[in-house]
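# Structural characterization, general
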Amino acid sequence: RNAFGFCWDAEGRMVASENGPDADAPEELNVIERGHHYGFPYQFSDWKIKPYAHTPDAPADLKFTLPVANVGPDAGFDGKPLYTFDPHSSPAGIVALGKDFPEGWRGTLLIARFGNLLKKPKDTGFDLLQARLKKTATGYEATFHTVLAPLARPIDLHLATGRVFIAEYSRPTDHKSGLPMLPGRILELAVKK
């Protein structure tokens, strides 16, 4: 629907973060593969229902590839797989960490989540997640761990040797503070030498 960030991991897979609709469907992380269809505009996440009356019917012969299954412990996981993040968390920039990062970080993804723009009972996003992607018999799954929170609306990530730069859009770390025009900042997450 709204792919925001993408990167290639060490195995050459293209991975993209995707913002969902206002209908409270989970946001997605997709491993992009040639010839696959990821649902839009017919299906969101793993939903079998139409989120809107105007959502078109899918062609009968169209097969969808599910987003990455979130198997916890963070980013909206509540004991059963979620496809992929809590609604409205707005996943944004994404990078794949290589051999210049320590063991435990190497081969994982970092994903910034901008945070909800709609008023919700509980804020989602405003953080940086680490994902460990795994191919399964039915698709992909990942474990998600919060690395940094709260962040001030992180919008993108930039990878450098042994470092990740986090671009924050503005200073608020929650929805109620709005989007004031205070300047954002660049944070550096670096390997300790």
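Description of the structure in this document. Counting from 1, residues in each chain are numbered in the order their sequence is written. Side-chain atom pairs in this predicted model are given and counted only at pLDDT of 80 or more, local residue features only at pLDDT of at least 70, and totals for whole chains, interfaces and linings cover all residues. For side-chain calculations, the full set of non-hydrogen atoms in the structure is used, while hydrogens and water are omitted.

## Topic: the overall build of the protein chain
Scanning the protein chain for helices and strands turns up zero helices and 11 strands. Strands here are runs of E lasting at least two residues and helices are runs of H or I lasting at least four, both read from the DSSP assignment and numbered beginning at the N terminus. Each helix (α) and strand (β) of the protein chain, taken in turn from the N terminus, gives the series β-β-β-β-β-β-β-β-β-β-β. At 17 Å, the protein chain has a C-alpha radius of gyration in line with the 16 Å of a compact globule built from 193 residues. Looking at the 193 residues of the protein chain, the share that counts as buried comes to 44%. Taking contacts inside the protein chain between residues at least 6 apart in sequence as the whole, the part at least 24 apart equals 47%. Here the accessible surface of atoms and residues is derived via Shrake-Rupley with a 1.4 Å probe, and residues count as covered only by protein chains that are part of the display. Summed over its atoms, the accessible surface of the protein chain is roughly 10,400 Å², and 56% of this surface lies on carbon and sulfur atoms. Charged-residue counts in this description rest on Lys and Arg as positive and Asp and Glu as negative, His and the chain ends being excluded. Here the site of a charge means NZ on Lys, CZ on Arg, CG on Asp, or CD on Glu. Taken together, the 23 basic and 23 acidic charged side chains of the protein chain have centroids lying 4 Å from each other. In this treatment the radius of gyration is a C-alpha quantity, and the globule benchmark scales as 2.2 Å times the residue count to the 0.38 power. The cut-offs for exposure are 20% and 50% of the maximum accessible area for each residue type, with area from a 1.4 Å probe on protein chains only; residues under the lower value are buried, those over the upper are exposed, and the others partly exposed. Here, two residues are considered to be in contact whenever any of their heavy atoms come within 4.5 Å of each other.

## Quick look at the sheet that holds strand β6 (residues 109–113)
At least two DSSP bridges between two strands are needed for those strands to be called paired. Taken in spatial order, the five strands of this open sheet run β4-β8-β7-β6-β5, and their pairing is mixed. Of all the strands in the sheet, the pair left with one neighbour each is β4 (69–73) and β5 (91–96). Across the sheet, the mean angle separating the axes of adjacent strands is 30° when strand polarity is ignored. Across eight bridges, strand β7 (residues 127–135) lies against strand β8 (residues 140–148) in antiparallel orientation. Bridging across to β8, K134 finds its partner in E141. Angles shown run from 0 to 180 degrees and are taken between the N-to-C directions of axes, each axis being a line fitted to C-alpha atoms and, for helices, limited to the stretch in contact.

## So, the sheet that holds strand β10 (residues 163–168)
Within the open sheet, the three strands sit side by side as β9-β10-β11. Their pairing is antiparallel. At either margin of the open sheet sits one strand with a lone partner, and together these are β9 (154–160) and β11 (185–190). Taken over all neighbouring pairs, the strand axes of this sheet differ in orientation by 20° on average, direction set aside. Here six bridges tie β9 to β10, and the two strands are oriented antiparallel to one another. When the sheet's bridge partners are listed, P154 is paired in β10 with E168.

## Comments concerning the pattern of salt bridges
Salt bridge criterion: a side-chain nitrogen from Lys or Arg within 4 Å of a carboxyl oxygen from Asp or Glu. Tallied over the entire structure, the rule returns 12 salt bridges. Residue E11 is joined to R13 by a salt bridge in which the shortest nitrogen-to-oxygen separation is 3.7 Å. On the basis of relative accessibility, which here comes to 64%, the residue E11 falls in the exposed class. In this structure R13 comes out as buried when scored by relative accessible area, which is 15%. Among the ionic pairs, E188 bridges to R163, the shortest N-O distance being 3.5 Å. Of this pair, E188 sits in strand β11 while R163 sits in strand β10, and the two are 25 residues apart along the sequence. A relative accessible area of 48% means that E188 is categorised as partly exposed.

## Considerations on the side chain of S45
Note that S45 resides in the loop between β3 (28–32) and β4. Contacts of S45, omitting those with residues within four sequence positions, involve P26, E28, L66, P67, Y83 and T84.

## Some words on the environment of A16
Counting through the fold element by element, A16 comes out in strand β2 (residues 14–18). In the structure, A16 is positioned 13 residues away from L29 in sequence and 5.7 Å away in space, judged by C-alpha atoms. Setting aside anything within four residues of it in sequence, one finds A16 in contact with G5, F6, E28, L29, N30 and I32.

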